Amino acid sequence: MTSQRTEVQVRPGRESDLSALTDIYNHYVRETPITFDTAVFTPEERRPWLLSHPEDGPHRLMVAVDRDSQEVLGYATSSGFRAKPAYATSVEVTVYLAPHATARGVGTSLYGALFEALANEDLHRAYAGIAQPNEASVRLHERFGFRHVGTYRQVGRKFGRYWDVAWYEKEL
């Protein structure tokens, strides 16, 4: 099966995206170990998360939509890495795609827009934790210059088993 690139528009996330973004995230909660959340969310429960990613500053939410239909295909975020003040110039980044939007260049478009938006922010490093195995995510991060810096072994338990998380970093 060949994958087809999708014509996407990437823009900052907005309140009207909340339901679609919640649906995408809940797929990964229910079906995969990619997130270690174990209970699905309502859009109202996800609202604080959305509001923590304004259109400017180091913590962004970028949304990919199909250029023709305007369907939300996925999102990328940069969020605080740790709560202590000395971590302020580090962010944790992530990408989530609608299940039917994988392997079509959407993640690449999202990260391209996210890192372009972050280019003028006072940031030093981006980090990504990738539950293993997830070769597609590893390839995406390596394409953007991330390098593997270590693995937390059996750090999360979901679906009755333990999962490793590989950590990647990128200089900004």
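Structure's up top.
A quick note: this is a predicted structure, and the numbers were derived from the prediction, not measured. (Residues numbered from 1 in each chain as written. Predicted model: local features only at pLDDT ≥ 70, side-chain atom pairs only at ≥ 80, totals over all residues. Heavy atoms only, no water.)

**Section: the packing of aromatic side chains**
Note the threshold: Only Phe, Tyr and Trp rings take part, Trp by its six-membered ring, and two of them pair if their centres are within 6.5 Å. Stacked means planes under 30 degrees apart, edge-to-face means over 60, and tilted covers everything else. Comment: elements are numbered from the N terminus, with helices defined as DSSP H or I runs of at least four residues and strands as E runs of at least two. Buried means the residue's accessible area, taken with a 1.4 Å probe over protein chains only, is under 20% of the maximum for its type, while exposed means over 50%, and partly exposed covers the values in between.
Tallied over the entire structure, the rule returns 14 aromatic pairs. Aromatic side chains Phe-81 and Tyr-87 sit 5.7 Å apart centroid to centroid with 70 degrees between the ring planes, which places their arrangement in the edge-to-face category. Ring centres of Phe-115 and Phe-146 lie 5.9 Å apart, and the angle between their planes is 55 degrees; this geometry places the pair in the tilted category. Separated by 31 residues along the polypeptide, Phe-115 in helix H3 (residues 106–118) and Phe-146 in the loop between helix H4 (135–143) and strand S6 (147–158) bring together distant segments of the chain. As far as burial versus exposure is concerned, Phe-115 and Phe-146 are alike and both buried.

**Topic: H4**
For clarity, the cut-off: This arc corresponds to the set of directions leading from the helix axis out to the C-beta atoms. By definition in these notes, contact holds between two residues if any of their heavy atoms fall within 4.5 Å.
Listing the buried residues of H4 in full gives Ser-137, Val-138, Leu-140 and His-141. With its buried residues spanning 165 degrees around the axis, H4 presents them on a single face. Lining the buried residues of H4 we find strand S4 (90–97), H3, strand S5 (125–131) and strand S7 (161–171). In the stretch just after H4, Gly-145 is the one whose phi turns positive, near 90 degrees.

**Focus: unusual backbone geometry**
A cis amide bond, omega 0 degrees, links Gln-132 with the succeeding residue Pro-133. Its place among the elements puts Pro-133 in the loop between S5 and H4. Residue Ala-103 is not a glycine yet carries a positive backbone phi of 60 degrees. Inspection of the secondary structure assignment puts Ala-103 in the loop between S4 and H3. Overall, the relative accessible area of 60% leaves Ala-103 in the exposed class. Backbone geometry places Phe-159, a non-glycine residue, at a positive phi of 60 degrees. Inspection of the secondary structure puts Phe-159 in the loop between S6 and S7. Given a relative accessible area of 48%, Phe-159 falls into the partly exposed group.

**Digging into H3**
How we decide: Expected span, for any helix, means 1.5 Å times one less than how many residues it has.
Compared with an ideal rise of 1.5 Å per residue, which puts 13 residues at 18 Å, H3 spans 18 Å between its outermost C-alpha atoms and is within 8% of the ideal. The set of residues buried in H3 consists of Val-106, Gly-107, Leu-110, Tyr-111, Ala-113, Leu-114, Phe-115 and Leu-118.

**Details of the pattern of salt bridges**
This is how it is decided: Between Lys or Arg on one side and Asp or Glu on the other, a salt bridge is scored when a side-chain nitrogen of the former is within 4 Å of a carboxyl oxygen of the latter.
Counting across every chain of the model gives nine salt bridges. With its nearest N and O atoms 2.8 Å apart, the salt bridge here joins Arg-11 to Asp-17. Accessibility expressed as a relative area gives 9% for Arg-11, which makes it buried. Put simply, Arg-125, Arg-147, Glu-169 and Glu-171 are held in one network by salt bridges that share partners.

**Some words on the packing of H3 against H4**
What counts, and what does not: Convention adopted: a line fitted to C-alpha atoms gives each axis, helices being fitted over their contacting stretch, and angles between N-to-C directions are expressed from 0 to 180 degrees. Take the far helix as your reference; a near helix turned counterclockwise from it by less than a right angle gives a left-handed crossing, and one turned clockwise gives a right-handed crossing. Under the convention adopted here, Pro, Cys and the residues Ala, Val, Leu, Ile, Met, Phe, Trp and Tyr are nonpolar, Asp, Glu, Lys and Arg are charged, and Gly plus all remaining residues are polar.
Axis separation between H3 and H4 bottoms out at 11 Å; the angle between their running directions is 40 degrees. Read as a crossing pair, H3 and H4 show a hand that is right-handed. In contact with Gly-107, Thr-108 and Tyr-111 of H3, H4 contributes Leu-140, His-141 and Arg-143. Among the residues making up the contact of H3 with H4, the classes are represented as two nonpolar, three polar and one charged.

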